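Breakdown of the fold
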Amino acid sequence: MAVLDTNQVRACFPSLRTGHIYADNAGGSRTAQAVIDRIVDYLTNTNVQLKAGYSAVNSQRVVEGAVAAAELFNVTSLDEVGFGSSSTMLFENIARALENDIQPGDEFIITYEHEANNGAWKRLAARRNAVVKYWHPVPVSAENPYSVTYRVEELLPLVSSRTRLAAITACSNILGSVVPVEETVKALRQRAKEQGAIKVEVSLDCVAYASHRRIDVQKWDVDYCVFSVYKVFGAHNAVAYVRSAALQTSFTSIVHDFLKVDDKPYKFQPGGPGHELVYGASAIVPYLKSLTPEDDLAASFSAIAKHEQGILTPLLRFLTDTKQVDRGVRILGTSEINFSRIPTVCFVVVGQNAIKSKDIVEAFHKKGGISIQCGYFGAYHLIDNLHPKLDVDDGVVRISLVHYNTIEEVEKIVDVLRAVLT
């Protein structure tokens, strides 16, 4: 397995030149220089209406963005890929397009994860008199009630003959845990078949997953998948995969009624996406492939995962050390250091000498040079349903790293934490 050259990696991100430590990457990664260059190039040289007759170059550049997204999803048809301004908006558009295919009494299974892949389905259920069921995460450690994770054993009893859709998350932006998507979907579909469910579709949130692991919607057998480009080293937009069969048989167009888009992604894209941002996304795949000699996404994501285990280890070991546990530090999610966890670590400090999450983040701000964050990060109901109860408005402290972060940066983060927790 190739080893990442962190100097080479960091040279691709102009914002890293200042030496500032960016440790809230789950909220948005740094933008690669190649992405910036393509956006500027598009706006400077080809910023005209698509199919305007006097420029075919801009249309081809937008296609290049779709080609890159298709490769990231691992699909072959560009008609299964569509861009939008955010993941939240794309999930809402998908739900709106699906509305006429939902019947009263249909059942949706959702999680307590980010509201992007929950809220759209809750609102659709309310409009169509469907039923919402929750896949609850459960603690895995008796010593830490916040060590929750999602288990297939808790999911399968929710499946019935009326199950119509399951909205799950490939990776939690709070717990940092990677869901075994292929195994989960396979078990879900098998149980649905046994129960006599007629039509079951799977909506997958890959926002917290896409910068850390390789997406493969074909292997996973999902119908809808969304991730945010700005969390995968691009600009502020998002992209969705919609299985061709779902696009043609489940969706009703939500765009202008005179457009012939029955088998096109424009069917769920009211108005065009920011074309310069779509073209910018075409630089992400070449950047990722450049990280390893194989010039291959699978090899690059393997190297990324290995590097991220290295930077996760000292952080998680510090926070789960007996001294910190006695101090009241509690990790959200599992504390094992393995490939089932990405380097997104959330924690609280509870007990007799509790510290507010906001105060910990403020200590970092006063120190300067390191950015971390606190809050509920769109997963309001996950935080609100933990027991013992946490203050949702104060939230949790989140330190989220990616492959351009280094061991030296993590050591500096730990030094500040040590001082704050003393």
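The structure we're discussing is the one just above.
Residues numbered from 1 in each chain as written. Predicted model: local features only at pLDDT ≥ 70, side-chain atom pairs only at ≥ 80, totals over all residues. Heavy atoms only, no water.

Some thoughts on the packing of aromatic side chains
The final tally for this structure, using the stated rule, is 15 aromatic pairs. Between Phe 73 and Tyr 241 the ring centres are 6.1 Å apart and the planes differ by 45 degrees, which places this aromatic pair in the tilted class. One end of the pair, Phe 73, is in helix H3 (residues 57-73); the other, Tyr 241, is in strand S10 (residues 238-242), and 168 residues separate them in sequence. An aromatic cluster is present here, built from Phe 13, Phe 233, Tyr 287 and Tyr 404 joined pairwise through their rings. The ring of Tyr 22 has Arg 30 lying over it, and the distance from NZ or CZ to the ring centre is 3.9 Å. It is Arg 398 that lies over the ring of Phe 377; its NZ or CZ is 3.7 Å from the centre. (Phe/Tyr/Trp six-rings, centres within 6.5 Å; stacked < 30°, edge-to-face > 60°. Helix = DSSP H or I, 4+ residues; strand = E, 2+ residues; numbered from the N terminus. Lys NZ or Arg CZ within 6 Å of the ring centre and 35° of its normal.)

Considering the sheet that holds S10
Strands belonging to one sheet form pairs held by backbone hydrogen bonds; the direction of such a pair is parallel or antiparallel. Spatially, seven strands are ordered S2-S10-S9-S8-S7-S3-S4 in an open sheet, and the strand pairing comes out mixed. At either margin of the open sheet sits one strand with a lone partner, and together these are strand S2 (81-84) and strand S4 (131-134). When strand polarity is set aside, the average angle formed by the axes of neighbouring strands in this sheet is 20 degrees. Relative to S10, strand S9 (residues 224-228) runs antiparallel, the two being bridged by five bridges. Within S10, the residue paired with Tyr 224 across the bridge is Val 242. Seen against the sheet, H3 touches S2, S9 and S10 and runs at an angle of roughly 110 degrees to S2. On the sheet, helix H7 (residues 181-195) packs against strand S7 (163-169) and strand S8 (201-205) and is oriented at approximately 155 degrees with respect to S8. (Pairing = 2+ DSSP bridges. Axes fitted to C-alpha atoms, helices over the stretch in contact; angles between N-to-C directions. Contact = heavy atoms within 4.5 Å.)

Some thoughts on H7
Here H7 is 15 residues long and its end C-alpha atoms lie 21 Å apart, about the 21 Å a rise of 1.5 Å per residue gives. Buried residues of H7: Val 181, Thr 184, Val 185, Leu 188 and Ala 192, and no others. Relative to the axis of H7, the buried residues are bounded by an arc of 95 degrees and lie together on one face. Turned more than 90 degrees from where H7 packs its buried face, Glu 183, Lys 186, Lys 193 and Glu 194 sit exposed. The secondary structure elements touched by the buried residues of H7 are helix H6 (152-155), S7, S8 and helix H8 (217-220). A positive backbone phi angle near 85 degrees is found at Gly 196, which sits one or two residues after H7. (Expected span 1.5 Å × (residues − 1). Buried < 20%, exposed > 50% of the residue type's maximum accessible area, 1.4 Å probe, protein only. Arc of directions from axis to C-beta.)

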